[in-house]
Amino acid sequence: MDDCIFCKIIKKELPADIVHEDEHTISFLSINPDNDGHTLVVPKEHHVDLITTPVSVLTQLMETCQKVAKGVMKGMEVEGYNLIQNNGAVAGQVIFHIHFHIIPRLSDDGFKHWKGIPYRDAAHSKEVAEKIQRSI
Ligand code: AMP
Ligand code: ZN
């Protein structure tokens, strides 16, 4: 993909702070970290998102996520991290080359999860579950 920033990083046409690289994946620091050590885990093959990425590539990606997450925890001396993967512009995806974010968390970093709101009633949640069930 000629205009893909991550493909350019993979080809070493753009600089990045690489923390791990193997045959199938590359992991480097996000240029705009939410916390120090915020790392992106990226397959070397260009695929856009979760649904369009072959399962074999996702498997390699997840193996690297596990390895790099251990390194992030040890290297950044944190006890937790968020593993996030955005799909679609509406969900905040900006780079359309699939990647996982490993975001180290600190007890005082102030980030909050979205506040969930319970379903109206059991009939509503059943209807929603059935819509998804029928679509799988
Ligand atoms: P997303 O919103 O899930 O597509 O995430 C895009 C991520 O890519 C963000 O963490 C950006 O800070 C990061 N990013 C964008 N350009 C670069 C770059 N040239 N080098 C490193 N990280 C980048
Ligand atoms: Zn790409």
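Residues numbered from 1 in each chain as written. Chains lettered and ligands numbered in written order. Predicted model: local features only at pLDDT ≥ 70, side-chain atom pairs only at ≥ 80, totals over all residues. Heavy atoms only, no water.

Caption draft 1: How the structure looks around the sheet that holds strand S4 (residues 80-84). Strand order in this open sheet of five strands is S1-S2-S3-S5-S4, and the pairing throughout is antiparallel. Looking along the sheet, the strands with just one partner apiece sit at the ends: strand S1 (18-21) and S4. For this sheet the average axis-to-axis angle between neighbouring strands, irrespective of direction, equals 20°. (Pairing = 2+ DSSP bridges. Helix = DSSP H or I, 4+ residues; strand = E, 2+ residues; numbered from the N terminus. Axes fitted to C-alpha atoms, helices over the stretch in contact; angles between N-to-C directions.)

Caption draft 2: Highlighting the pairing of strand S3 (residues 39-43). In terms of burial, S3 is a largely internal element, five of the five residues being buried. Side chains of S3 alternate between two faces, with Thr 39, Val 41 and Pro 43 and Leu 40 and Val 42 buried alike. Taken together, the five bridges between strand S2 (residues 25-29) and S3 define a ladder with antiparallel strand orientation. Along S3, the bridge assignment pairs Ile 26 with Val 42. Across three bridges, S3 lies against strand S5 (residues 100-105) in antiparallel orientation. Looking across to S5, one finds that Leu 40 is bridged to His 101. (Buried < 20%, exposed > 50% of the residue type's maximum accessible area, 1.4 Å probe, protein only.)

Caption draft 3: Highlighting the coordination of the zinc ion (ligand 2). Protein-derived coordination of the zinc ion (ligand 2) comes from Cys 4 (SG), Cys 7 (SG), His 46 (ND1) and His 97 (ND1), at a distance range of 2.1 to 2.3 Å. Classification of Cys 4 by relative accessible area gives buried; the value is 7%. On the accessibility criterion, His 46 (23% relative accessible area) is partly exposed. (Donors = N, O, S within 2.8 Å, 3.2 Å for Na, K, Ca; no water.)

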